[in-house]
Amino acid sequence: MSLPRIAIVIGSTREGRFADKPAQWIKKIAEERNDASYEIVDLRDFPLPFFEEATSPAHAAPKNETARRWAAHINEFDGYIFVAAEYNHSMTGVLKNALDYAYKEFNRKPATFIAYGGVGGARAVEQLRQIAVELQLAPIRHAVHIGMIEFVGMLRDGKSFDDFPYLADSAKAMLSELAWWTDALKNAREAA
Ligand SMILES: Cc1cc2nc3c(=O)[nH]c(=O)nc-3n(C[C@H](O)[C@H](O)[C@H](O)COP(=O)(O)O)c2cc1C
């Protein structure tokens, strides 16, 4: 069996985004493992228009060239870690839009989240889990939630992830679960 590939999808594209910090941090921790390869997928590299296709990607491939490139790239992965900012108690619009532009590429693959903000971005993550189910992703229980104290500490007070070592514990537990589900579902997809 080839080594599984996990995408770390950066779900914010705004100038000066915080999202790069958790994305690079989780990649570094993940690379200490040898059970998968972990690659950043940056939505800035896929400047999608607001969804405007005639048909859902569940039924027909998008016509838009960037959307086709996005879907093809997403299809290369066996699992996903979504780096999730919380905008107005939900996910970013740019991430929701990107999720709307693919379908079968996500089917029967695990997904998890690293979120930040009030309540650790949990409100965005819970909504993302609902969307994931409709995309036939398999959202797992474990996620990383960076709460307000840690988030503001890093944003404004010069702190780093090293100042909050329990976040790495949470990341390691999440990555172990993700690896289990990635293997299980990859094997099952290949056997089907
Ligand atoms: C439109 C908008 C809405 C926001 N709403 C929330 C929110 O509901 N909860 C929260 O904790 N932070 C909220 N924030 C603050 C973000 O957590 C903060 O800006 C964070 O840096 C966003 O992630 P990013 O920098 O990776 O885009 C909001 C920010 C923006 C721009």
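For the structure itself, consult the block above.
Model, not experiment: these values are computed from the prediction.

Caption draft 1: Fine view of the overall build of the protein chain. Looking only at helices and strands, the protein chain features 6 helices and 6 strands. When the helices and strands of the protein chain are placed in sequence order, the string is β-α-β-α-β-α-β-α-β-β-α-α. Since a compact globule built from 192 residues should have a radius of gyration of about 16 Å, the 16 Å found for the protein chain is in line with a globular shape. With the C-alpha coordinates aligned to their principal axes, the bounding extent of the protein chain is approximately 50 × 35 × 25 Å. When burial is assessed residue by residue, the protein chain has 40% of its 192 residues classed as buried. Sequence separation of at least 24 residues holds for 80% of the intrachain contacts in the protein chain that already meet a minimum separation of 6.

Caption draft 2: Quick look at the site of the ligand. Lining the immediate environment of the ligand, one finds Ser12, Arg14, Arg17, Phe18, Ala19, Ala85, Glu86, Tyr87, Asn88, His89, Gly117 and Gly118. Partitioning the shell around the ligand into residue classes produces 4 nonpolar, 5 polar and 3 charged.

Caption draft 3: Region of interest: the pairing of strand 1 (residues 5-10). Of all 6 residues that make up strand 1, 5 are buried, and the element is covered over most of its length. Both strand 1 and strand 2 (residues 37-42) contribute to a ladder of 6 bridges, which runs parallel. By the bridge assignment, Ala7 is partnered in strand 2 with Glu39. Handedness of the crossover is the feature at issue here: the chain leaves strand 1, passes through helix 1 (residues 20-30), returns alongside strand 2, and the resulting connection is right-handed.

Caption draft 4: Structural view of the environment of Glu52. Relative to the helices and strands, Glu52 is located in the loop between strand 2 and helix 2 (65-75). Judged by local crowding, Glu52 falls into the exposed class, with 10 C-beta atoms found within 10 Å. Placed 12 residues apart in sequence, Glu52 and Asn64 show a C-alpha to C-alpha distance of 8.9 Å.

Caption draft 5: Highlighting the nonpolar core. Counting residues in hydrophobic clusters, the biggest one holds 57 residues, and the most contacted among them are Phe82, Val83 and Ala84. Ignoring sequence-local partners within four residues, the contact set of Ala84 consists of Gly11, Met91, Leu95, Phe113, Ile114, Ala115, Gly121, Ala124, Val125 and Leu128.

Caption draft 6: Local environment of unusual backbone geometry. Here the phi dihedral of His89 falls at roughly 60°; this positive angle occurs in a residue that is not glycine. Relative to the elements of secondary structure, His89 occurs in the loop between strand 3 (79-85) and helix 3 (93-100). A positive phi angle is found at Val119, which is not glycine, with a value near 50°. For Val119, the position within the fold is in the loop between strand 4 (109-116) and helix 4 (122-134).

Caption draft 7: Up close: the environment of Asn187. Examined against the element boundaries, Asn187 turns out to sit in helix 6 (residues 165-191). The exposed category is assigned to Asn187, around which 12 C-beta atoms lie within 10 Å. Counting along the chain gives 63 residues from Asn187 to Ala124, while the straight-line C-alpha distance between them is 30 Å.

Caption draft 8: Structural context of helix 4. Taking 1.5 Å per residue as the helical rise, helix 4 with its 13 residues ought to reach 18 Å, and the 19 Å between its terminal C-alpha atoms agrees with that figure. The set of residues buried in helix 4 consists of Ala124, Val125, Leu128 and Ala132. In an axial view of helix 4, the angular spread of the buried residues amounts to 95°, which keeps them on one side of the axis. Across helix 4 from its buried face, at more than 90 degrees, point the exposed residues Gln130, Val133 and Glu134. Lining the buried residues of helix 4 we find strand 3, strand 4 and strand 5 (137-139). Gln136 lies just past helix 4 and shows a positive phi near 60°.

Calculation notes
Residues numbered from 1 in each chain as written. Predicted model: local features only at pLDDT ≥ 70, side-chain atom pairs only at ≥ 80, totals over all residues. Helix = DSSP H or I, 4+ residues; strand = E, 2+ residues; numbered from the N terminus. Rg over C-alpha atoms; globule rule 2.2 N^0.38 Å. Buried ≥ 20, exposed ≤ 12 C-beta atoms within 10 Å, placed from the backbone. Contact = placed C-beta atoms within 7 Å. Near = placed C-beta within 6 Å. Nonpolar A, V, L, I, M, F, W, Y, C, P; charged D, E, K, R; others polar. Pairing = 2+ DSSP bridges. Right-handed = clockwise from strand over helix to strand, strands pointing away. Core = buried A, V, L, I, M, F, W, Y, C linked by C-beta atoms within 7 Å. Expected span 1.5 Å × (residues − 1). Arc of directions from axis to C-beta.

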